[in-house]
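# Coordinates in review
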Amino acid sequence: MNIANRILNFFYFKKKENSLKEIFYKHNDNLINKWDHYLDIYDQYFSRYRGSDVKILEIGISQGGSLQMWRKYFGNSAEIYAIDINPECSKFSDSGVEIFIGSQEDHNFLRKIKREIPKVDIIVDDGGHMMRQQIITFEEMFDHVKADGIYICEDLHTSYWSEFGGGYKKKDTFIEYSKNFIDYLNAWHSRNIDKFSVNDFTKSVKSVHYYDSIIVIEKGVIDSPRKVKVGVKVIEDMVFTSDDISRK
Ligand SMILES: C[S@@+](CC[C@H](N)C(=O)[O-])C[C@H]1O[C@@H](n2cnc3c(N)ncnc32)[C@H](O)[C@@H]1O
């Protein structure tokens, strides 16, 4: 993109009336199905990609409205990929919009997509919202997000709804599965490396954010953490053991 276009893009995408929320509520084309509070969350993580040749993969097409929304939000250079199990959704393929028909639970289908498309900046899982679907999709597709990209799984409230395979603290819900991410982030500090050690997630994820019904995973190349000190020591430290503290 030339400099003039970059400048024009910058001002266009900075304007408040062009926020995702504004775009959503002005939309009168194909139906879009989102929760209102997701829109600001998306804006927070996606705005840096506006006007660029961002590559986004959305799982779950439904009426095709969200694909139109991403086009309006990201601009004409965006490459949009989308997956749905419903063959009718193939009609939403367009210039810069590639549709894949199949199930997000099907490992082979997802692997085939990875062979056909480049690594993407963003994945949004808004598909069937069943536990297996969310977990398999994450396990297959997370490594297809670029090293500084973003993975979002939405509608996590289904982790609490039995009709989706959910239940409070139930094993194998996406929420329970994703709680392991907290350990992975902190694995540098493990003192039991047979059971708990640095893995690919530890080395490739900058942060994990939970919101109502949404998880946002921000990738980044992470090195082993360094403890650093500056300044001058001015008093002697006292060393307390947990026994000392419990005796007080
Ligand atoms: C919530 S809708 C998607 C809404 C759309 N992203 C939007 O914002 O308007 C969920 C979609 O997931 C699709 N779906 C359900 N099970 C699926 C599966 N196993 N694999 C792929 N897509 C699936 C459904 O056909 C449906 O179109």
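Reading the values: rules and limits
- Residues numbered from 1 in each chain as written.
- Predicted model: local features only at pLDDT ≥ 70, side-chain atom pairs only at ≥ 80, totals over all residues.
- Helix = DSSP H or I, 4+ residues; strand = E, 2+ residues; numbered from the N terminus.
- Buried ≥ 20, exposed ≤ 12 C-beta atoms within 10 Å, placed from the backbone.
- Pairing = 2+ DSSP bridges.
- Axes fitted to C-alpha atoms, helices over the stretch in contact; angles between N-to-C directions.
- Contact = placed C-beta atoms within 7 Å.
- Near = placed C-beta within 6 Å.
- Nonpolar A, V, L, I, M, F, W, Y, C, P; charged D, E, K, R; others polar.
- Right-handed = clockwise from strand over helix to strand, strands pointing away.
- Core = buried A, V, L, I, M, F, W, Y, C linked by C-beta atoms within 7 Å.
- Left-handed = near helix turned anticlockwise from the far one by under 90°.

## Considerations on the overall build of the chain
Looking only at helices and strands, the chain has 9 helices and 7 strands in total. Judged by the C-alpha coordinates and their principal axes, the chain covers about 70 × 50 × 35 Å. Residue burial in the chain is summarised as follows: out of 248 residues, 27% are buried.

## Notes on the sheet that holds strand β5 (residues 145-154)
With mixed pairing, the 7 strands of this open sheet are ordered in space as β3-β2-β1-β4-β5-β7-β6. Of all the strands in the sheet, the pair left with one neighbour each is β3 (97-101) and β6 (205-211). Neighbouring strand axes in the sheet, compared pairwise and without regard to direction, differ in orientation by 15° on average. Relative to strand β7 (residues 214-219), β5 runs antiparallel, the two being bridged by 5 bridges. Looking at the pairing, C153 lines up with I215 of β7. Across the face of the sheet, helix α3 (residues 36-46) comes into contact with β4 (120-125), β5, β6 and β7 while running at roughly 0° to β7.

## Thoughts on unusual backbone geometry
Phi at H129 takes a positive value of approximately 65°, unusual for a residue other than glycine. Counting through the fold element by element, H129 comes out in the loop between β4 and α6 (131-141). Here H129 falls in the buried class, since 23 other C-beta atoms lie within 10 Å of it. Even without a glycine there, the phi angle at D172 is positive, about 75°.

## Here's the deal with the site of the ligand
The full set close to the ligand counts 20 residues, and G60, S62, S66, Q104 and G128 are the nearest of them. Among the secondary structure elements, those contributing two or more residues to the shell around the ligand are α4 (65-74) and β2 (79-84). For the shell around the ligand, the per-class residue count stands at 4 nonpolar, 11 polar and 5 charged.

## Some words on the pairing of β4
A large share of β4 lies buried, amounting to 6 of its 6 residues. Remark: the β4/α6/β5 crossover connection has right-handed handedness.

## Some points on the nonpolar core
Core analysis: the biggest nonpolar cluster contains 41 residues, and I56, W70, I122 and I123 have the highest contact counts within it. Residues within four places of I56 in sequence aside, it is in contact with W70, F74, A78, I80, V120, D121 and I122.

## Things to note about the pairing of β2
Most of β2 is tucked away: 5 of the 6 residues are buried. Examined bridge by bridge, strand β1 (residues 55-59) and β2 share 5 bridges and lie parallel to one another. Bridge pairing in β2 links I56 to I80. Where the polypeptide runs from β1 across α4 and back to β2, its parallel neighbour, the crossover connection is right-handed. Where β2 meets β3, 5 bridges bridge the pair, whose relative direction is parallel.

## Section: the environment of S52
Relative to the helices and strands, S52 is located in the loop between α3 and β1. Given 16 C-beta atoms within a 10 Å radius, S52 is considered partly exposed. Between the C-alpha atoms of S52 and Y42, which are 10 residues apart in sequence, the distance is 16 Å.

## Examining the packing of helix α5 (residues 107-116) against α6
Axis separation between α5 and α6 bottoms out at 10 Å; the angle between their running directions is 35°. Crossing geometry of α5 relative to α6 is assigned as right-handed. Every residue of α6 that contacts α5 at H107, L110 and R111 is listed here: I136, T137, E140 and M141.

## Overview of the environment of I214
Of note, I214 is situated in strand β7. Spatially, the C-alpha atom of I214 lies 5.9 Å from that of C153, the residues being 61 residues apart in sequence. Contact partners of I214, with chain neighbours within four places excluded, come to Y38, I41, I152, E154 and L156.

## Focus on the environment of C153
Structurally, C153 is set in strand β5. On the basis of neighbour counts, which here come to 26 C-beta atoms within 10 Å, the residue C153 falls in the buried class. Spatially, the C-alpha atom of C153 lies 4.7 Å from that of D125, the residues being 28 residues apart in sequence. Aside from chain neighbours lying at most four places away, what touches C153 is D125, Q134, F138, F174 and I215.

Interpretation in functional terms is not warranted from these geometric data alone.
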